[in-house]
Amino acid sequence: MERRSLLGATAGALVLGGLAQVPAEAASAADGNGGDGGLVTTFNVISDIQGDLGDFAGALKDIKATNPHSSGMAVAGDITPRGYDFEYAEVQKVLDQGPKPREVAWAIGNHEFYVPKWADPDTLAQSTWPNGTTEESLFRSFYNFAKRSTIYAETTFGGIPILTIGTERYMKYHDNSLWDEVWISEAQFQWLEDRLQYWSRRRKPVMVITHHPLPNTVSGTRSKIYMSDYLQPDRLLGLLGRYRDVFLFSGHTHWDLTLSDWYVRRVVPGTANLDGFSVINTGAVQTGFADNGQGGEVTVPGHFNQGLQVDVYRDHIVIKARDFATGTWMKQISVPLATRI
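Since we're looking at a predicted model, the values are computed, not measured.

What counts as what
Residues numbered from 1 in each chain as written. Predicted model: local features only at pLDDT ≥ 70, side-chain atom pairs only at ≥ 80, totals over all residues. Heavy atoms only, no water. Phe/Tyr/Trp six-rings, centres within 6.5 Å; stacked < 30°, edge-to-face > 60°. Helix = DSSP H or I, 4+ residues; strand = E, 2+ residues; numbered from the N terminus. Buried < 20%, exposed > 50% of the residue type's maximum accessible area, 1.4 Å probe, protein only. Lys NZ or Arg CZ within 6 Å of the ring centre and 35° of its normal. Core = buried A, V, L, I, M, F, W, Y, C linked by side-chain atoms within 4.5 Å. Contact = heavy atoms within 4.5 Å. 1 Å grid on protein atoms, 1.4 Å probe; cavity = no way out; pocket = protein on both sides within 12 Å on 5 of 7 lines; lining within 4 Å. Points joined across faces, edges and corners; volume = space filled by probe spheres on them. Pairing = 2+ DSSP bridges. Right-handed = clockwise from strand over helix to strand, strands pointing away. Expected span 1.5 Å × (residues − 1).

1. Considerations on the packing of aromatic side chains
This model, assessed by the stated rule, comprises 13 aromatic pairs. Each ring, one from Trp 129 and one from Tyr 173, has its centre 4.8 Å from the other, and the planes form 50 degrees; the classification is tilted. Here Trp 129 is found in the loop between strand 7 (123-124) and helix 4 (135-146), whereas its partner Tyr 173 is found in the loop between strand 9 (160-164) and helix 5 (186-201), with 44 residues between them in sequence. Taking the relative accessible area as the measure of exposure, Tyr 173 reaches 25% and is therefore partly exposed. Members of the aromatic cluster, connected to one another through ring pairs, are Phe 113, Trp 129, Phe 139, Phe 142, Tyr 143, Tyr 170, Tyr 173 and Trp 179. The aromatic ring of Tyr 198 is capped on one face by Arg 202, whose charged end is 3.6 Å from the ring centroid. Arg 322 extends its terminal NZ or CZ atom over the ring of Trp 329, reaching a point 4.6 Å from the ring centre.

This is the structure:
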């Protein structure tokens, strides 16, 4: 997997482990906090497949076994290793072989833009970037696969809104000093603001799926490696930070879900929401990373394949971290909702 250095920092406030986190042995049982809350729906979130089709197939089988009534699966980017059409086709083949989720919500990741680094699928040629590949063709490949015509999109899993967001430019085409930074258009910002307001008025929690993590949130994002993924972080934080019942799921880092800051509540100054909103690390299907203690990261040894199950109740949401490789639950957290669904 390709890693990169990033510049800059964005200030903010967060709460680590502000809610009760439950160990793996407790998470292995069904949620015991349902009470009269009533299960509304359940769904799954994974990210960073990046060509690891064997582990992707394993994750799908585990999800079917552990969550047979899942209403959908969100994939938080890095669907492919490079963004070639044949790589998307390989992912689709695994899906078609099943067990296939009821519905899939796809977010775009930085690896979907790596075709320009290759002269052909077998020849890495970064010195001659973009090797005749157009930015338009990269987006077209994603749109054809995801069966839509915009980066941002809305669907529902069991009546719960799922919003996928992401970059609308691969910045290397626009500024030679940049690479994978996320650029969001005015149209996408307006759409996101509208949808958050819409669902808030209807007293529904909103699940936002994005590949890149926001600064000063989950594992790894206080490191310089990931502090500058967004070109407009303050505006995005300002939108999300207004709503207590927003849940942002981000991938990209591949950082291990065993870490204590896999879940945080991010408080954004000036939003009048002193409770903040929920931010959750999705882990990764392909390769795990953790802090090396020197401002960088180190590969997690052994077989790595992680993801999430999200159980939505009328008055709270339970998020469970799953180790697909060992077939075990790792931990879970129960998050009270500000309003009852």
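And the narrative resumes.
2. Focus on the nonpolar core
If you look at the biggest cluster of nonpolar residues, it comprises 30 residues, and the most contacted ones within it are Ile 46, Phe 56, Met 73, Val 75, Ile 79, Trp 106 and Phe 142. Looking at this core, the elements with two or more residues in it are helix 2 (53-66), strand 4 (73-76), helix 3 (85-97), strand 5 (104-107) and helix 4. Tallying contributions element by element places helix 4 first for this core, with five residues. Non-local contacts of Ile 79, meaning those with residues more than four positions away in its chain, are made with Ile 49, Gln 50, Gly 51, Tyr 88, Val 91, Trp 106, Ala 107, Glu 112, Phe 142 and Phe 145. By size, the runner-up hydrophobic cluster in this structure holds 28 residues, among which are Ala 74, Met 207, Leu 257 and Trp 262.

3. Side note on the environment of Lys 64
Counting through the fold element by element, Lys 64 comes out in helix 2. When its relative accessible area of 47% is taken as the criterion, Lys 64 is described as partly exposed. When the C-alpha positions of Lys 64 and Pro 101 are compared, they lie 8.0 Å apart, and in sequence the two are 37 residues distant.

4. Thoughts on empty space enclosed by the protein
Counting across every chain of the model gives two cavities of 30 Å³ or more. Lining the second largest cavity we find Ile 108, Gly 109, Asn 110, Gly 166, Thr 167, Val 182, Thr 210, His 211, His 212 and Tyr 230.

5. Looking at the pairing of strand 10 (residues 206-210)
Here is the key point about a regular strand: its side chains alternate between the two faces of the sheet. Where burial is concerned, most of strand 10 is hidden: five out of the five residues are buried. Neither face of strand 10 is exposed, since Val 206, Val 208 and Thr 210 on one face and Met 207 and Ile 209 on the opposite face are all buried. In terms of strand pairing, strand 9 meets strand 10 through three bridges, oriented parallel. Counterpart to Thr 164 in the pairing with strand 10 is Ile 209. With respect to chirality, the unit in which strand 9 leads through helix 5 into the neighbouring parallel strand 10 is right-handed. One ladder, built from five bridges, connects strand 10 with strand 11 (residues 246-250); its direction is parallel. Bridged to Val 208 within strand 11 is Leu 248. Of the crossover connections in this fold, the one passing from strand 10 over helix 6 (residues 233-240) to the parallel strand 11 is right-handed.

6. Observations concerning the layout of surface pockets
Looking at the second largest pocket, its volume works out to about 190 Å³. Taken together, Gln 92, Leu 95, Lys 100, Pro 101, Arg 102, Glu 103, Val 104, Trp 106, Phe 145, Ala 146 and Lys 147 form the lining of the second largest pocket. Sorting the residues of the lining of the second largest pocket by element identifies helix 3, strand 5 and helix 4 as the ones contributing at least two each.

7. Digging into helix 4
With 12 residues, helix 4 should cover 16 Å at 1.5 Å per step; its first-to-last C-alpha distance of 17 Å lies within 8% of that length. Within helix 4 the residues assigned to the buried category are Glu 135, Ser 137, Leu 138, Phe 139, Ser 141, Phe 142, Phe 145 and Ala 146. Packing partners of the buried residues in helix 4 comprise helix 3 and strand 5. Just downstream of helix 4 lies Lys 147, where phi reads positive at about 60 degrees.

8. A closer look at the side chain of Gln 286
Tracing the sequence through the fold places Gln 286 in the loop between strand 13 (277-281) and strand 14 (289-291). Classification of Gln 286 by relative accessible area gives buried; the value is 14%.

9. Overview of helix 6
The element helix 6 is extensively covered by neighbouring structure, given that six of its eight residues are classed as buried. Residues of helix 6 that are buried sit in contact with helix 5, strand 10, strand 11, strand 12 (263-267) and strand 13.

None of this, on its own, says anything about what the molecule does.
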